[in-house]
Amino acid sequence: MSVYRIWTIMRLTFLEARRRRIVPAALACGGLFLLVYGTALYFIFANMNGGPGPVNVLQRQAQLEFLVLAGLYVVNFLAVAAAVLLPVDTLSGEIDSGVMQTLASKPIGRSDIVLGKWLTYLAMTAAYVVLMGGGIAVIAFAVTGFWQPHLERALPLMMLAAAVMLTVTTAGGVRLTTITNGIVAFGFYGLAFIGGWVEQIGTFTQNEAARYIGTAISLVNPSDALWRRAAHELLPPLLRNLPVTPFASASVPSTAMIVWAGVFVVLVLGLALRWFARRPL
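So, how was this worked out
- Residues numbered from 1 in each chain as written.
- Predicted model: local features only at pLDDT ≥ 70, side-chain atom pairs only at ≥ 80, totals over all residues.
- Heavy atoms only, no water.
- Helix = DSSP H or I, 4+ residues; strand = E, 2+ residues; numbered from the N terminus.
- Buried < 20%, exposed > 50% of the residue type's maximum accessible area, 1.4 Å probe, protein only.
- Contact = heavy atoms within 4.5 Å.
- Areas by Shrake-Rupley, 256 points an atom, 1.4 Å probe, with all protein chains shown as cover.
- Core = buried A, V, L, I, M, F, W, Y, C linked by side-chain atoms within 4.5 Å.
- Axes fitted to C-alpha atoms, helices over the stretch in contact; angles between N-to-C directions.
- Parallel < 35°, antiparallel > 145°, perpendicular 65-115°, else oblique.
- Left-handed = near helix turned anticlockwise from the far one by under 90°.
- Nonpolar A, V, L, I, M, F, W, Y, C, P; charged D, E, K, R; others polar.
- Polar contact = N/O pair within 3.5 Å; in protein donor to acceptor, adjacent residues only side chain to side chain.
- Salt bridge = Lys/Arg side-chain N within 4 Å of Asp/Glu carboxyl O.

**Student:** How should the overall build of the protein be read in this particular structure?
**Tutor:** Of regular secondary structure, the protein possesses twelve helices and zero strands. Looking at the protein as a whole, 45% of its 281 residues qualify as buried. Within the protein, contacts between residues at least 6 apart in sequence are counted, and of these 79% link residues at least 24 apart. Accessible surface, the protein: about 13800 Å² in total, of which carbon and sulfur atoms supply 70%.

**Student:** Explain unusual backbone geometry here, please?
**Tutor:** Negative phi characterises most residues that are not glycine, and trans characterises most peptide bonds. Its identity is not glycine, yet His-150 carries a phi of approximately 60°, on the positive side. Its location among the elements puts His-150 in the loop between α6 (110-144) and α7 (151-175). The phi angle at Gln-206 is positive, at roughly 60°, despite the residue not being glycine. You can see Gln-206 is positioned in the loop between α8 (178-204) and α9 (208-220). Among the residues examined, Gln-206 registers a relative accessible area of 69% and is labelled exposed.

**Student:** How should I be thinking about the nonpolar core in this particular structure?
**Tutor:** Across soluble globular proteins, you tend to see nonpolar side chains buried next to one another. Counting 68 residues, the largest nonpolar core has Val-68, Leu-72, Ile-136, Met-158, Met-165, Leu-226 and Phe-276 as the members making the most contacts within it. Apart from residues lying up to four places away in sequence, Val-68 is in contact with Tyr-37, Ile-136, Ala-140, Phe-146 and Gln-148.

**Student:** Can you walk me through the environment of Tyr-189 in this structure?
**Tutor:** Its place among the elements puts Tyr-189 in helix α8. Classification of Tyr-189 by relative accessible area gives buried; the value is 10%. Between the C-alpha atoms of Tyr-189 and Met-165, which are 24 residues apart in sequence, the distance is 7.5 Å. Contact partners of Tyr-189, with chain neighbours within four places excluded, come to Asn-76, Phe-77, Val-80, Met-165, Asn-221 and Ser-223.

**Student:** Help me understand the packing of helix α1 (residues 3-19) against α6 in this model?
**Tutor:** Each pair of packed helices can be described by the angle between their axes along with the distance between the axes. Direction vectors running N to C along α1 and α6 enclose 55°, while the axes themselves pass 8 Å from each other. Here α1 is positioned oblique relative to α6, judged by the angle of their axes. Remark: the crossing between α1 and α6 carries right-handed chirality. From α1, Arg-5, Ile-6, Ile-9, Met-10, Thr-13, Phe-14 and Ala-17 reach across to α6, where they touch Asp-112, Ile-113, Leu-115, Gly-116, Lys-117, Leu-119, Thr-120, Tyr-121 and Met-124. Across the contact of α1 with α6, the residue classes break down as ten nonpolar, three polar and three charged.

**Student:** So what exactly am I meant to see when it comes to the environment of Asn-221 here?
**Tutor:** Position of Asn-221 among the secondary structure elements: in the loop between α9 and α10 (223-234). In this structure, the C-alpha to C-alpha distance between Asn-221 and Tyr-189, residues 32 residues apart in sequence, is 7.3 Å. Each residue touching Asn-221, except ones within four places of it in the same chain, is listed here: Val-164, Met-165, Phe-188, Tyr-189 and Ala-192. In this structure the side chain of Asn-221 is engaged in a polar contact, spanning 2.9 Å, whose partner is the backbone oxygen of Phe-188.

**Student:** Could you clarify how one ought to interpret the side chain of Thr-170 in this entry?
**Tutor:** As for its position among the elements, Thr-170 is in helix α7. For Thr-170, a relative accessible area of 4% gives the class buried. At 2.8 Å, the side chain of Thr-170 forms a polar contact with the backbone oxygen of Leu-166. Other than its neighbours up to four places away in sequence, Thr-170 contacts Pro-87, Leu-91, Val-114 and Trp-118.

**Student:** Can you help me understand the pattern of salt bridges in this one?
**Tutor:** Between side chains of opposite charge, pairing is possible as soon as their charged atoms come close. Counted according to the given criterion, the structure contains six salt bridges. Put simply, Glu-233 and Arg-153 hold a salt bridge, and the shortest N to O gap is 3.3 Å. With Glu-233 in helix α10 and Arg-153 in helix α7, this residue pair connects regions lying 80 residues apart in the sequence. A salt bridge links Glu-208 to Arg-211; the nearest nitrogen and oxygen atoms lie 2.6 Å apart. In this pair, Glu-208 and Arg-211 both sit in helix α9, three residues apart, roughly one turn of the helix. Judged by its relative accessible area of 39%, Glu-208 falls in the partly exposed class. Judged by its relative accessible area of 24%, Arg-211 falls in the partly exposed class. Each of Arg-153, Arg-229 and Glu-233 takes part in one network of salt bridges that share partners.

Structure (structure tokens):
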């Protein structure tokens, strides 16, 4: 394993993504989303009724928190989708087309190829989260004067959630075809989403069996649990006490879940390296 060789694969992967216009398309779609969000937020804020009383001030604050969180909720989903779509074809497609045979015949280790591609897409996904999440916060501040607190706590958790799905898709690309890999990856994320709701409903209704099942599913795929923890970090105490919503969780994932998500990424990435090293090309 060589840092120079990994850097070479990263550079080639980025150039390929630029050639296929992945980066411009992502920036254009992201900019369009921010434009639509900012326009909608402008008109919603203009129609808010708020008097000088403290109750109205608190209500307006809660409404603004909800609107910013709604935007970040969409950003989290888009980041996960990007984390799945970016590497979905990078290994399986190149193996089927014969490009990988040529690349692997060079003095570049197979682990260098996987790590180089994974690091490139991880950096691109992280930049996407920062640009989109920061864009939501800046637009909200420009339109309403409200700045979302604790954003620096939430964005790394959203990046880690995207890293989970990025790693799963990368590992799937070693063993599965492109279409199958995409279906499995999105199904795997859907499992995490349903598991999170099962855990919340079980906690809210004091159903221990449902809560344990939801927790077990979150351990299998912690991506949704990371978003719920990120939302918890962003919410003020007033909104944390609301009934179960996409933003307030009846069961807040612990720090141990965050640590497990990092371990999960390392384990699955190691599995991908092992599979690719043994796969005949």
